[in-house]
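# Tertiary structure, described
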Amino acid sequence: MLNLYFLNGVLNEEIYVEQLAGFEKSNSTNKVYLLKKALYGLKQAPRAWYSRLDNNLLSLGFDRSMNEVTLYLKHADGHELIVSVYVQDLLITGDKEQLVEEFKTNMNDTFEMNELGLLTYFLGMEVTQSD
C-alpha cells in the first residue's frame, strides 16, 4: 500500500489566497499569494490531484475500469497489476512481484510518497495475507 501526498496536485488555473493572520509579511500586508500547488482544503485540490494521478497511471499503460473510476488494470506479458485508489492511498496487487516493484519505483520517481507496507486494515475490513 502506498500513501501519496495529496499536495502532489498541480493547479491548472490561477488561484490567489490571502495571507494568514499572524503570518503576514510585515511590509506586504495587503498582498496575496499565487498558489503553485494545491493545498489541503482547497476546493480544486481533489480534482487537481486525481487528474495528475490519472494521467500518470494511464501513461504507465494502465486501463481505467469502465465500472469503477478508481480502479486501474495493467496487463503485461501475461501478468496483471491492479491498482485501487482511495483518496491518497493506492492499494496495489499483482501476480508478479517484479511488476509491483517496478510500479512503486515509477510512482516514486513522479510523486512524493511513503510505502505503508502490507495491507492489514482497509475501510473497516481486516485483511490477512498468506500464501
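This is a predicted model, so every value here is computed, not measured. (Residues numbered from 1 in each chain as written. Predicted model: local features only at pLDDT ≥ 70, side-chain atom pairs only at ≥ 80, totals over all residues. Heavy atoms only, no water.)

### With respect to the overall build of the protein chain
For the protein chain, the count of helices and strands is 2 helices and 10 strands. Shown N-terminal to C-terminal, the secondary structure of the protein chain runs as helices and strands in the order β-β-β-α-β-β-β-β-α-β-β-β. Rg of the C-alpha trace for the protein chain: 18 Å, well past the compact-globule value of 14 Å for 131 residues, more than 25% over. For the protein chain, with 131 residues in total, the buried portion stands at 32%. Summing over all exposed atoms, the protein chain offers an accessible surface of approximately 9,100 Å²; the carbon and sulfur share of this is 51%. In the protein chain, the 11 positive side-chain charges and the 19 negative ones have mean positions that sit 12 Å from each other. (Helix = DSSP H or I, 4+ residues; strand = E, 2+ residues; numbered from the N terminus. Rg over C-alpha atoms; globule rule 2.2 N^0.38 Å. Buried < 20%, exposed > 50% of the residue type's maximum accessible area, 1.4 Å probe, protein only. Areas by Shrake-Rupley, 256 points an atom, 1.4 Å probe, with all protein chains shown as cover. Lys, Arg positive; Asp, Glu negative; His and termini not counted. Charge placed at Lys NZ, Arg CZ, Asp CG, Glu CD.)

### Here we look at the nonpolar core
Ranked by size, the top nonpolar core spans 15 residues in total, and within it Leu 53, Leu 57, Leu 90, Phe 103 and Met 107 carry the most contacts. Ile 15, Leu 35, Ala 38 and Ala 45 belong to the second-largest nonpolar core, a separate cluster that totals 5 residues. (Core = buried A, V, L, I, M, F, W, Y, C linked by side-chain atoms within 4.5 Å.)

### Observations concerning helix H2 (residues 97–110)
Structurally, the α-helix is built with 3.6 residues per turn, so residues lying three or four positions apart point the same way. Across its 14 residues, H2 extends 20 Å between first and last C-alpha, which sits within 8% of the 20 Å expected from 1.5 Å per residue. All of the buried residues along H2 are Leu 99, Val 100, Phe 103, Lys 104 and Met 107. In an axial view of H2, the angular spread of the buried residues amounts to 135 degrees, which keeps them on one side of the axis. For H2, the exposed residues lying more than 90 degrees away from the buried face are Glu 97 and Asp 109. (Expected span 1.5 Å × (residues − 1). Arc of directions from axis to C-beta.)

### Topic: the pattern of salt bridges
Evaluation of the coordinates by the stated rule reveals 3 salt bridges. Across the pair Glu 101 and Lys 104 runs a salt bridge, and its minimum N-O distance is 3.1 Å. With Glu 101 and Lys 104 both in helix H2 and 3 residues apart, this pair spans about one turn of that helix. By relative accessible area, Glu 101 is classed as partly exposed at 37%. (Salt bridge = Lys/Arg side-chain N within 4 Å of Asp/Glu carboxyl O.)

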